[in-house]
Every structure is written in C-alpha cells, then in structure tokens.
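# Descriptive analysis of the structure
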Amino acid sequence: MMDRFLNMKFDKGLLLAVILLLVLGIVIIYTGTSPIAMQKGLAAEYFTISHIKKVVLGLFMMCVALVLDYSVWYKLARPLFVICLLAMIAVLFQGDSVKGASRWLSIAGMKIQPSEFMKLGIFCLLSVKLVEAGDQINDFKTGFFRPLILVGIVCVTLILQPNFSMVLMVLATSLILIYVAGVPMKHLMTLIIFPPILSIIAYTQSYRSLRIKAWLDPESYPEKAYQLRHSLIALGNGGFTGTGIGQGTQKLGYVPESYKDAAFSILGEELGFIGAFLMLSLFAFLAYRGFAIARSSSTRFGKYLAVALTSSICLNMIFHVCVCTGLFPTTGQPLPFISFGGTSLVMTLLSIGILLNISKPNTGQNIREIPINSAFYSTRYL
C-alpha cells in the first residue's frame, strides 16, 4: 500500500510542506493549551487530542480529494454553491451565536462553519463561470459583472453574520482569480468604489469601529488593544531563538484564545525568529508549488481553481500574521494548519487534496471546455 502511494504521481513537495506545518501546529497546540486544560481540571493533552482528531479527519478528506478526479468539482460547482448558500442563510436564523456573531451550525453535536465550505463553493463556481466566458472574458457583462454578482451574494451573507474578515478574504481571492483569468484592467478599476463602501460598513457597528480605533491608537483604547499588545509582547519575548517549547508566558491567560486567533504569537514567543521564519518559508514553498500546479494544469478550470485555493490559504496566513504583528486590526482568522482544529482545518486539507489531484497527470480529462481564440483571450501568468 505504501509503495503504491509513493509511486503515485502527484506533487509530493507540497504534501511534505503541509505535513511539516501540521506537525508544527500540533506542537503549538500542545504548548498553548496545556495550561488551559490543567486549569480546567483536564489532562494536559486534552485539547491536543481533540485537535489531532480534526487533523486525522482533514487528512482523510485530503486523501479522498487526492484520489477523486478534480473534474467532479466542475460538475458539482453549481449544486455545491447552492447548498453552501442555503447553509449560510440558515446560520442567520438558526446559527449558534458566539461573541455576537452567528457563524456556526450545530449538526449531530458538532459545530460547523458554513462559510468555510462556501469558500470552496464560490471558488469552484467562479472558476466555472470564467471558463464558460471563453472568448467573452473581455466582455464587461459576461467576464466581469456576472461572476462578481456571485461574489457579492456571498459577501452580503457574510456581512449579515457578521464575518467582516471573511468578506475581505473572499473578495481578495476572487479578485486575484478574476485578474489571473484575463479580465481587462479597465473593468477591474471600476472596483475602486469598494474601499469607501467597506470602510463605511466597518463603522456601522460600534465593536468594529472600536477595533479599528484601537488598532490605530492602542494607547487610547487599552481594553480593545489588549490582544494586540500581548501578541506583540509575545513576539518580543521570543527574540531570535525563542523562549523554548512550553516556556512562553503570554499564553497563560494574557492573550485570549491564543491557540486559535494568535497562534503565530505563541510560535514566535517559544520558537523565536527561527521558528517564524521556518513557518513562513513553508508557506512560501506551498504558494510556489500551488501556482506551479496551476501553470502545469491541462485545463483552464484546473488553473483557476488551483490559483483560488492557493491564494485563499496564503491570504489566510497573511491576515493572521498581520493581525498578530499589528499590521491589520484584530480579527478572528485562524492560522492554516496550525491554529486549533475545526471546520477551517478540515476544509484547508480538503483544498490541499484538490491541489494534489490537479498536480497528477491525466486528471481533468472529462472536462469539456469551450474552445477559445487565443487572439482574444489572455490568462495572466499561466
């Protein structure tokens, strides 16, 4: 069985980077949750075992996606999007509220976050729409407006939850995909109206505006800037080599849910610059391999989906690191592969499985794409 797996042709470099990140994540989860578990009278490894279970589930989903020809995502793009959209709407009425946000559904005793499924749903359908545009990719209505309507629908449901950071994630990834697909820059420039609109939305609720004010002036809003200040203290404590595994102090009740929303700060404190550089290098390699898979794909759908999934994972990492270092306002974005496991971890590993399948030779042959005239069509960088 192992020999057959090793002889299977797919991007093993990408898989190795993911495995190393998962191992690093398990170490960070153990050191970050052990004090919390013992304070609650639980075994030190309680949360770590729970995380490992999610890792195992995610690896199983990754293996399924690795074996499953990615053409299935082309065929299921529309029904998958509809199901995810219905789940997103259900969250608004039946979702579990945590800290004022309704983002989770309880199913069979498990909490799932439909927005994580929706990322796959919207990126699959967006890729299909851009493929179907064919030579009309330069047409404002067909190649730009219609795909963007789908993104707008998703963003509205996310704003209503509210999940503003996910809105930015979906928008940024979608714009990267649309740009790479060859949509003219003059069409993309019409989106210059979005920053003012998003700024207005950001100030519609007091908690969000306070986060931004605390980010800009942490001294005037010490309570709202609490997590940011202690995240920076943790990174400062780490120095070049770190305090050592288990020796960090900011995880001891100073940074709220540090093993989720501030996992990079724990990593930076205990492993120092060396550990942070290693993690960032692994993500840089993941990005390199993901875009290489996109370039080598034999179908436009494979190219677009690989770009979207790779961009989404890397943007998630960038958002998390920028929050921990004070470059972005505080949000609740997890660090892929490393933050405490949940829907995000499982779906990220599923995305890796899809990328690995796209990297296999002779996959996607069942996809029948509309022929294009190269004189009118341009796929940037692919």
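In what follows, the structure referred to is the one given above.
Here is what the cut-offs are and how they apply
Think of each chain on its own: its residues are numbered from 1, step by step along the sequence as written. With the structure being a predicted model, the display of local features is reserved for residues of pLDDT at least 70 and the display and counting of side-chain atom pairs for 80 or more, all residues being used for whole-chain, interface and lining totals. Where side-chain values are given, they derive from all heavy atoms of the structure, hydrogens and water being excluded. To define a nonpolar core, start from buried Ala, Val, Leu, Ile, Met, Phe, Trp, Tyr and Cys residues and group those joined through side-chain atoms within 4.5 Å. Partly exposed describes any residue whose relative accessible area lies between the buried limit of under 20% and the exposed limit of over 50%, with all areas from a 1.4 Å probe on protein chains only and scaled to the type maximum. By the convention used here, residues are in contact when the closest approach between their heavy atoms is within 4.5 Å. Put simply, DSSP marks the helices as runs of H or I at least four residues long and the strands as runs of E at least two long, and each gets a number from the N terminus on. Whether a set of points on the 1 Å grid over the protein atoms alone is a cavity depends on a 1.4 Å probe fitting there but being unable to get out, while an open set qualifies as a pocket with protein on both sides within 12 Å along at least five of seven lines; lining residues are those with an atom within 4 Å of a point. Grid points are joined across faces, edges and corners, and a volume is the space filled by probe spheres set on the points. When residues are grouped by polarity, Ala, Val, Leu, Ile, Met, Phe, Trp, Tyr, Cys and Pro land in nonpolar, Asp, Glu, Lys and Arg in charged, and all others, Gly among them, in polar. One less than the residue count of a helix, multiplied by 1.5 Å, gives the span that helix is expected to have. Within this document, salt bridges are pairs made up of a side-chain nitrogen of Lys or Arg and a carboxyl oxygen of Asp or Glu, the two lying within 4 Å of each other. Axis geometry follows a simple rule: fit a line to the C-alpha atoms, using only the stretch in contact for helices, then measure angles between N-to-C directions, giving values from 0 to 180 degrees. Put simply, a crossing is left-handed when the front helix is turned counterclockwise from the back one by less than a right angle, and right-handed when it is turned clockwise. This arc is taken over the directions from the axis of the helix to the C-beta atoms. Any Phe, Tyr or Trp ring, taking Trp's six-membered ring, that has another such ring centre within 6.5 Å forms a pair; planes under 30 degrees apart are called stacked, those over 60 apart edge-to-face, and the others tilted. Here, over-ring charges are defined by two tests on the NZ atom of lysine or the CZ atom of arginine: distance to the ring centre within 6 Å, and angle to the ring normal within 35 degrees. Polar contacts, as counted here, are pairs of nitrogen or oxygen atoms within 3.5 Å of one another; within protein the pair requires one atom able to donate a hydrogen and one able to accept it, and residues that are adjacent in sequence qualify only if both atoms are side-chain atoms.

### A look at the nonpolar core
In terms of nonpolar packing, the biggest core is built from 90 residues, with Met279, Phe337, Ile338 and Ile352 touching the most fellow members. Contacts of Phe337, omitting those with residues within four sequence positions, involve Val18, Leu21, Leu22, Gly25, Phe283, Leu286, Ile313, Leu345, Thr348, Leu349 and Ile352.

### A few points about the environment of Arg368
Assignment of secondary structure puts Arg368 in the segment after helix H15 (343-359). Classification of Arg368 by relative accessible area gives exposed; the value is 66%. The spatial distance from the C-alpha of Arg368 to the C-alpha of Ser71 is 9.6 Å, given a sequence separation of 297 residues.

### As for empty space enclosed by the protein
Tallied over the full model, the rule gives 3 cavities of 30 Å³ or more. Its boundaries defined by the atoms lining it, the largest cavity holds a volume of some 120 Å³. In terms of lining residues, the largest cavity is bounded by Glu116, Lys119, Leu120, Phe123, Leu309, Ser312, Ile313, Asn316, Met347, Thr348 and Ser351. When contributions to the lining of the largest cavity are tallied by element, the ones reaching two or more residues are helix H5 (114-133), helix H14 (300-324) and H15. Split into classes, the residues belonging to the lining of the largest cavity amount to 5 nonpolar, 4 polar and 2 charged.

### Quick word on unusual backbone geometry
One non-glycine residue, Phe337, adopts positive backbone phi at about 75°. Mapped onto the elements, Phe337 comes out in the loop between H14 and H15. The phi dihedral of Asn362 is positive, around 70°, even though this residue is not glycine. Note on Asn362: relative accessible area 61%, which makes it exposed.

### Looking at helix H11 (residues 226-238)
Each α-helix turn comprises 3.6 residues. Residues three or four places apart therefore point the same way. With 13 residues, H11 ought to run about 18 Å at 1.5 Å a step, and its terminal C-alpha atoms sit 19 Å apart, in line with that. Buried-residue contacts for H11 involve helix H12 (258-261), helix H13 (263-296) and H14. Downstream of H11 by one or two residues, Gly239 has phi in the positive range, about 60°.

### As for the pattern of salt bridges
According to the stated counting rule, one finds 3 salt bridges in the structure shown. The partner of Arg289 in a salt bridge is Asp11, with the nearest N and O atoms 2.7 Å apart. Of this pair, Arg289 sits in helix H13 while Asp11 sits in the loop between helix H1 (2-7) and helix H2 (12-39), and the two are 278 residues apart along the sequence. Between Arg78 and Glu132 there is a salt bridge whose closest N-O contact spans 2.9 Å. Separated by 54 residues along the polypeptide, Arg78 in helix H4 (residues 71-94) and Glu132 in helix H5 bring together distant segments of the chain. Given the relative accessible area of 37%, Arg78 is considered partly exposed. On the basis of relative accessibility, which here comes to 31%, the residue Glu132 falls in the partly exposed class.

### A word on the packing of H5 against H14
Interaxial distance between H5 and H14 falls to 9 Å at its minimum, and their mutual angle equals 145°. Between H5 and H14 the crossing geometry is right-handed. Facing H5, whose interface residues are Lys119, Leu120, Phe123, Cys124, Ser127, Val128, Leu130 and Val131, H14 presents Arg300, Phe301, Tyr304, Leu305, Ala308, Leu309, Ser312 and Asn316. Of the residues contributing to the contact of H5 with H14, the split by class is 11 nonpolar, 3 polar and 2 charged.

### Regarding helix H3 (residues 46-67)
Taking 1.5 Å per residue as the helical rise, H3 with its 22 residues ought to reach 32 Å, and the 32 Å between its terminal C-alpha atoms agrees with that figure. Burial in H3 covers these residues: Phe47, Thr48, His51, Val55, Gly58, Met62, Ala65 and Leu66. Along H3, the residues classed as buried sweep out an arc of 95° about the axis, all on the same side. Opposite the buried face of H3, by more than 90 degrees, sit the exposed residues Lys53, Val56, Phe60 and Val67.

### Notes on the side chain of Gln113
Mapped onto the elements, Gln113 comes out in the loop between strand E3 (110-112) and H5. Looking at Gln113, the relative accessible area reads 13%, which means it is buried. The contact partners of Gln113, leaving out residues within four places of it in the chain, are Arg103, Trp104, Asn163, Met166 and Thr343.

### Some details on the packing of aromatic side chains
Considering all chains together, one arrives at 11 aromatic pairs under this definition. Centre to centre, the rings of Phe140 and Phe144 are 5.3 Å apart; their planes meet at 50°, and the pair counts as tilted. Here Phe144 and Phe140 lie together in helix H6 (residues 140-160), a separation of 4 residues that amounts to about one turn. Relative to Phe328, the ring of Phe319 has its centre 5.3 Å away and its plane inclined at 70°; by these criteria the two rings are edge-to-face. Joined through ring pairs, the aromatic side chains of Tyr46, Phe47 and Phe340 make up one cluster. Directly above the aromatic system of Phe10 lies the positively charged group of Lys12, at a separation of 4.7 Å from the ring centroid.

### With respect to the environment of Glu270
As for its placement among the helices and strands, Glu270 is situated in helix H13. Distance from Glu270 to Asn237, taken between C-alpha atoms, is 8.3 Å for residues 33 residues apart in sequence. Within the structure, Glu270 has its side chain in polar contact with the backbone nitrogen of Gly246 (distance 2.9 Å).

### Looking at the side chain of Ser344
Mapped onto the elements of the fold, Ser344 is located in helix H15. By relative accessible area, which is 13% here, Ser344 ends up buried. If we skip the residues at most four places from it in the chain, Ser344 touches Glu116 and Pro334.

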